[in-house]
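Survey of secondary and tertiary structure
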Amino acid sequence: MALITGGSSGIGLATAELFLDEGAAVAIVGRDQGRLDAAVGQLASHGDVHPIAGDVSSMSEATRMVDEAAEHFGGLDYVFCNAGIPGVAPIEDLTEELWDYVLGVNLKGIYTIIRASVPHLKRRGGGSIVTMASEAGITGQPHLAAYCASKGGVVNLTRALALELIPLGIRVNCFAPGATETPMAEAEANMAPDPDAVWEMWKDWAPIGRWSASSEQAQAVLFLMRDATFAVGSIFVQDGGYTAR
């Protein structure tokens, strides 16, 4: 059984569909009930999917959601901590509220979900966790201080938890995708002072010459989660060559 946060759109939704097609039961977590309902409508023909609405930045909410997923399916085997939000602002305009919001979802939200999941994974004798970072967690990017800080934190949080949890049979690894066609990418562009300029810049973002589809990124998540059985604390980058320059 797999739990996917941020599962109602983008990479999370594509991963949920892939996991269902591979025979897993999947619980998808999101903040917006309407988007969750729409996602279930898209996923229902692929397998057993259960939607759970809530906020990963709250420890009590995370615990409720993880417990509900484990109770609904009788256990927990895989956790994809995918929930994330953009945060675009020059440092002089980066408010404390935006900083706290971005770090709360992107970084604290991974801590809350993993903390709540570990007891369930231990009861199964182990499991696999994949955290969601970004190419922006490896490289600095202007006007993305909060986002880069949150994703850089995810990278090292992953390493720390990987060492702590592998004696329990729980593998923790990190996925760092590059430019991907998702609703969050659109939201990020629209937060900029000149969205058109951002889209123009992004045309040539990756050396591969195009953006990734969410389905391509989902394949990498599946590999890390299920097939990369010797990977512990790894940071898997799939960014079309962006960080290779």
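In this report, we go over the structure that sits alongside the text. Computed from a prediction, not measured in an experiment: that's the story for all the values here.

1. Topic: the packing of helix 1 (residues 10-21) against helix 2 (residues 33-43)
Following both chains from N to C, one finds helix 1 and helix 2 inclined at 35°, their axes separated by 11 Å at the closest point. You can see that helix 1 and helix 2 cross each other, and the crossing is right-handed. Taken together, the residues of helix 2 that come into contact with helix 1 (itself represented by L13, A16, E17 and L20) are A39, Q42 and L43. Class assignment of the residues belonging to the contact of helix 1 with helix 2 gives a composition of 5 nonpolar, 1 polar and 1 charged.

2. Let's talk about the nonpolar core
By size, the foremost hydrophobic cluster in this structure holds 42 residues, and its most contacted members are L3, L76, V79, I113, I114, I129 and L165. Each residue touching L3, except ones within four places of it in the same chain, is listed here: A27, V29, V66, A69, L76, Y78, V79, F80, I113 and S117. V49, M225, A228 and A231 belong to the second largest nonpolar core, which has 29 residues in total.

3. Observations concerning the side chain of K151
Counting through the fold element by element, K151 comes out in helix 5 (residues 145-165). For K151, the side chain forms a polar contact with the main-chain oxygen of M132, separated by 3.1 Å. Discounting residues that sit within four places of it in the chain, K151 has contacts with N106, M132, A133, S134, A136 and G137.

4. What to know about the pattern of salt bridges
Should their charged atoms come close, side chains of opposite charge can pair. The full count for this structure, using the stated rule, is 6 salt bridges. Two residues, E68 and R64, come together in a salt bridge whose shortest N-O distance is 3.8 Å. In this pair, E68 and R64 are both assigned in helix 3 (residues 59-73), 4 residues apart and thus about one turn of the helix distant. Linked by salt bridges that have partners in common, E22, R226 and D227 make up one network.

5. Examining helix 8 (residues 214-227)
In this model, helix 8 (14 residues) spans 19 Å end to end at C-alpha, consistent with the 20 Å of a helix rising 1.5 Å per residue. Here helix 8 has its buried residues at S214, Q217, A218, A220, V221, L222, L224 and M225. Buried residues belonging to helix 8 abut helix 1, strand 4 (78-81), strand 5 (127-132), strand 6 (170-177) and strand 7 (235-238).

6. As for the packing of aromatic side chains
A full pass over the atoms with the stated rule returns 3 aromatic pairs. Here the aromatic rings of F175 and F236 are separated by 6.3 Å at their centres, their planes lie at 40°, and the arrangement is tilted. One end of the pair, F175, is in strand 6; the other, F236, is in strand 7, with 61 residues separating them in the sequence. Residue classification places F175 among the buried residues on the basis of a relative accessible area of 0%. Classification of F236 as partly exposed rests on a relative accessible area of 28%.

What counts and how
- Residues numbered from 1 in each chain as written.
- Predicted model: local features only at pLDDT ≥ 70, side-chain atom pairs only at ≥ 80, totals over all residues.
- Heavy atoms only, no water.
- Axes fitted to C-alpha atoms, helices over the stretch in contact; angles between N-to-C directions.
- Helix = DSSP H or I, 4+ residues; strand = E, 2+ residues; numbered from the N terminus.
- Left-handed = near helix turned anticlockwise from the far one by under 90°.
- Contact = heavy atoms within 4.5 Å.
- Nonpolar A, V, L, I, M, F, W, Y, C, P; charged D, E, K, R; others polar.
- Core = buried A, V, L, I, M, F, W, Y, C linked by side-chain atoms within 4.5 Å.
- Buried < 20%, exposed > 50% of the residue type's maximum accessible area, 1.4 Å probe, protein only.
- Polar contact = N/O pair within 3.5 Å; in protein donor to acceptor, adjacent residues only side chain to side chain.
- Salt bridge = Lys/Arg side-chain N within 4 Å of Asp/Glu carboxyl O.
- Expected span 1.5 Å × (residues − 1).
- Phe/Tyr/Trp six-rings, centres within 6.5 Å; stacked < 30°, edge-to-face > 60°.

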